[in-house]
Every structure is written in structure tokens, then in C-alpha cells.
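Single-letter residue listing:
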Amino acid sequence: AQSVTQLGSHVSVSEGALVLLRCNYSSSVPPYLFWYVQYPNQGLQLLLKYTSAATLVKGINGFEAEFKKSETSFHLTKPSAHMSDAAEYFCAVSGGSQGNLIFGKGTKLSVKP
Amino acid sequence: DSGVTQTPKHLITATGQRVTLRCSPRSGDLSVYWYQQSLDQGLQFLIQYYNGEERAKGNILERFSAQQFPDLHSELNLSSLELGDSALYFCASSRGLSGNTIYFGEGSWLTVV
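This one's a predicted model, so the numbers in the text were calculated from it and none came from an experiment.

Draft legend 1. Structural view of the overall build of chain B. Secondary structure summary: chain B contains 0 helices and 11 strands in total. In chain B, the succession of α and β elements from N to C terminus is β-β-β-β-β-β-β-β-β-β-β. Here the C-alpha atoms of chain B give a radius of gyration of 13 Å, agreeing with the 13 Å that 2.2 N^0.38 yields for 113 residues. Projected onto its principal axes, the C-alpha positions of chain B cover 35 × 30 × 25 Å. Expressed as a percentage of the 113 residues in chain B, the buried residues total 53%. Relative to all contacts within chain B whose residues are 6 or more apart in sequence, the contacts with residues 24 or more apart total 54%. Total accessible area on chain B is roughly 5300 Å²; 47% of this is exposed by carbon and sulfur atoms. Between the centroid of the 8 positive side chains of chain B and the centroid of its 11 negative side chains there is a distance of 4 Å.

And the structure:
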């Protein structure tokens with residue numbers, strides 16, 4: 001069975017500060033890992049995706065994530081937060097043959113001026 | 001715009017009623033997924049279809065059913081509705097199965113009163 005744990009349901013940073021959102025996964029097969037962002041009253045938008053081609057994955061809006069197999073982690077980072085980054089972020093794992101995603105509970109990011 | 005279209009965007013109905021949510025996947029996508037998002041349960045995978053056939057089942061209640069039609073659009077039927085079924089229901093689609101990027105629609109807000 002697969003699962004995802006996102007540490008911290010709420011993270012608050014100042015504008016210009018480093019963003020670090022934590023995600024740990026559990027999978028019995030080599031996983032595909034995803035980060036999605038959800039802005040208020042909107043659907044989920046893909047930020048980035050890990051498919052084993054490279055352990056450091058760059059996504060949209062300046063975000064990146066590093067796959068660490070030894071730590072079963074896939075943390076999301078951004079060097080400098082913008083006000084527009086305020087949203088909820090979801091980590092997801094897909095490792096089954098059907099491709100469906102299993103999501104973590106999400107982390108709400110607040111950015112203070 | 002992800003290319004996944006969901007209707008209706010908002011729906012208010014009474015307990016005990018039945019509703020149908022409709023989804024048109026991105027052009028060329030064969031796989032359709034349904035997810036439920038609620039405050040207490042987070043994002044829950046309900047069911048997946050691939051080219052008209054059911055491929056994976058998640059936490060879908062027996063009162064709920066879905067199908068994918070020959071033109072690849074999908075419908076999620078919710079019956080004997082309860083207050084607890086109030087949630088945001090997402091449809092998503094992907095080209096194929098394992099490892100494919102999954103694109104989400106804007107969701108259908110269901111309120112049961």
C-alpha cells in the first residue's frame with residue numbers, strides 16, 4: 001500500500017524567505033511523486049513530478065523538489081517566497097499499475113509581507 | 001485551464017436525493033479519475049476508468065457509482081445523499097496509466113441540505 005505524510009498542516013513564511021514543505025512517502029514499488037498546488041476556489045495544478053529521470057526536479061513558479069530514497073522524502077522548496085505563493089500544497093504518490101494518485105493531507109502556506 | 005471540464009460547478013440538493021456529476025477529459029486522455037475533497041477527509045481517491053473499463057477503486061461508497069462512456073466522458077452518480085456527502089468532487093484525466101501526469105478539473109461543489 002502507498003501513503004504520503006505531509007509534515008505541518010500550516011506553514012507561514014515571510015516574503016523573500018525560503019519555503020520548505022515536507023513530504024514523506026511509503027511505497028512498495030518505485031514511486032512516481034507529484035506536488036500539486038490549489039489556490040482558493042480552484043482545482044489542482046501540477047507543480048512538478050518525479051519519474052526517476054533525475055533526483056532534483058524543477059517545476060513551475062520557481063519551485064523544486066529533491067527525491068531522497070534513503071529518507072523516503074520528496075520535500076518541496078523555493079528560495080524566495082512571493083505573496084502569490086499563498087495556497088495549499090499537496091504531495092502525492094503513484095506507484096500502482098493503474099496510475100491513480102494517493103494524496104497527503106496538504107500544507108497551507110501563508111506568506112507574510 | 002487544464003482541459004478537463006466538469007459540470008455543474010455548484011449544486012445544492014436535499015438529503016435522500018440523487019445527483020449526477022459530469023466530466024469531459026482532456027482531448028486524447030483515456031483515463032478518468034474521480035476524487036472527493038472534504039475538510040475532514042482531505043483528498044480521497046474514489047474510482048478510475050480507463051477506456052471505458054473500471055481499473056481501480058478507492059474509498060467509494062456503495063451509494064456512489066460511476067461510468068465512462070464510449071466518447072470517454074464520465075459521470076459520477078451519487079444517491080441517497082447525506083449531509084456528510086457535501087464536498088468538492090474533482091474529475092481528473094491522464095493519457096494512460098502508470099506514471100502519467102494527471103490533470104484536474106475545477107471541481108463540482110456539492111452541498112447537501
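Draft legend 2. Broad picture of the overall build of chain A. On a plain count of helices and strands, chain A comes out with 0 helices and 11 strands. A compact globule built from 113 residues would reach a C-alpha radius of gyration of about 13 Å, and chain A, at 13 Å, matches this within 12%. Each principal axis of the C-alpha atoms in chain A carries an extent, and together these give about 45 × 30 × 20 Å. By residue count, 45% of the 113 residues in chain A fall in the buried class. In chain A, 56% of the contacts between residues at least 6 apart in sequence involve partners at least 24 apart. A total accessible area of about 5300 Å² is found for chain A, and carbon and sulfur atoms account for 52% of it. Averaged over its 9 positive side-chain charges, chain A has a centre that lies 5 Å from the centre of its 6 negative ones.

Draft legend 3. The arrangement of the interface of chain A and chain B in detail. Across the boundary between the two partners, chain A contributes 19 residues, which contact 20 residues of chain B. Taken as a group, Leu44(A), Gln98(A) and Asn100(A) account for 31% of the area that chain A buries against chain B, more than any other trio of residues on that side. Run the count over chain A and chain B and you get 0 salt bridges. Counting across the chain A and chain B interface gives 4 residue pairs in polar contact (both at pLDDT 80 or more). Where the side of chain A that touches chain B is concerned, the elements lending two or more residues are strand E4 (32–38), strand E5 (44–50) and strand E9 (87–94) of chain A. Here the element with the most residues in the side of chain A that touches chain B is E4(A); it accounts for 4 residues.

Draft legend 4. Seen up close, the environment of Leu46(A). Following the sequence through the fold, Leu46(A) ends up in strand E5. Residue class for Leu46(A) comes out partly exposed when judged on its relative accessible area of 21%. When the C-alpha atoms of Leu46(A) and Gly16(A) are compared, they prove to be 23 Å apart, with 30 residues separating the residues in sequence. Leave out the neighbours within four places in its chain, and Leu46(A) touches Phe34(A), Trp35(A), Tyr36(A), Ile60(A) and Thr101(B).

Draft legend 5. Representation of the nonpolar core within the structure. In this structure, Trp35(A), Leu47(A), Leu48(A), Phe74(A), Leu76(A) and Tyr89(A) are the most contacted members of the largest nonpolar core, which totals 27 residues. In this structure Phe74(A) touches Cys23(A), Leu33(A), Phe34(A), Trp35(A), Leu48(A), Tyr50(A), Val57(A), Ala65(A), Glu66(A) and Phe67(A), once residues within four positions along its chain are discounted. Core analysis: the second largest hydrophobic core is formed by 20 residues, Trp34(B), Tyr49(B), Ala66(B) and Leu78(B) among them.

Draft legend 6. Highlighting the pairing of strand E8 (residues 73–78) of chain A. Residue and element names in this part refer to chain A. E8 sits mainly inside the fold: 5 of its 6 residues count as buried. As paired strands, strand E3 (residues 19–26) and E8 are joined by 4 bridges and run antiparallel to one another. By the bridge assignment for E8, Leu21 is matched with Leu76. One ladder, built from 5 bridges, connects strand E7 (residues 64–68) with E8; its direction is antiparallel. Looking across to E8, one finds that Ala65 is bridged to Leu76. Where E7 folds back on E8, the antiparallel hairpin that results is connected by 4 residues, among which Thr72 adopts a positive phi of roughly 45 degrees.

Draft legend 7. Expanded view of the sheet that holds strand E8 (residues 74–78) of chain B. Residues and elements named next belong to chain B. The 4 strands are arranged E1-E3-E8-E7 in an open sheet whose pairing can be described as antiparallel. Each having just a single partner strand, strand E1 (5–7) and strand E7 (64–68) make up the two edges of the open sheet. Along the sheet, successive strands turn relative to each other by an average axial angle of 15 degrees, direction set aside. Here 3 bridges tie E1 to strand E3 (residues 19–24), and the two strands are oriented antiparallel to one another. The partner of Thr5 across the bridge, within E3, is Ser24.

Definitions and limits used
- The numbering scheme is per chain: residues are counted from 1 as the chain's sequence reads.
- The order in which chains are written sets their letters, starting at A; the order in which ligands are written sets their numbers, starting at 1.
- Residues qualify for local features only when their pLDDT is at least 70, as the model is predicted, and side-chain atom pairs are given and counted only at 80 or more; totals for whole chains, interfaces and linings, by contrast, use all residues.
- Based on all heavy atoms of the structure, the side-chain values leave hydrogens and waters out of the count.
- Think of it this way: any DSSP run of H or I at least four residues long counts as a helix, any run of E at least two long counts as a strand, and we number them from the N terminus.
- Between the two quantities, the radius of gyration covers C-alpha atoms and the globule rule is 2.2 Å times the number of residues to the power 0.38.
- Relative accessibility decides the category of a residue: with a 1.4 Å probe and only protein chains considered, values under 20% of the type maximum give buried, values over 50% give exposed, and everything between is partly exposed.
- What makes two residues a contact is simply this: any of their non-hydrogen atoms within 4.5 Å.
- The Shrake-Rupley method, run with a 1.4 Å probe sphere, supplies the accessible areas, and residue values consider only the shown protein chains as cover.
- The convention is simple: Lys and Arg are positive, Asp and Glu are negative, and His and the chain ends are not counted.
- Where a charge lies is defined by one atom per residue type: Lys uses NZ, Arg uses CZ, Asp uses CG and Glu uses CD.
- In short, buried area is how much 1.4 Å probe accessible area vanishes from two parts on joining, totalled over both.
- What counts as a salt bridge is simple: a side-chain nitrogen of Lys or Arg found within 4 Å of a carboxyl oxygen of Asp or Glu.
- We call two N or O atoms a polar contact when they sit within 3.5 Å, provided that within protein one can donate a hydrogen and the other can accept it, with sequence-adjacent residues counted only if both atoms are side-chain atoms.
- Among the buried residues, those of types Ala, Val, Leu, Ile, Met, Phe, Trp, Tyr and Cys that are joined through side-chain atoms within 4.5 Å form a nonpolar core.
- Two strands pair under a simple rule: DSSP has to find at least two bridges between them.
- For helices, the fitted axis covers only the stretch in contact; all axes are lines through C-alpha atoms, and the angles between them, taken along N-to-C directions, range from 0 to 180 degrees.

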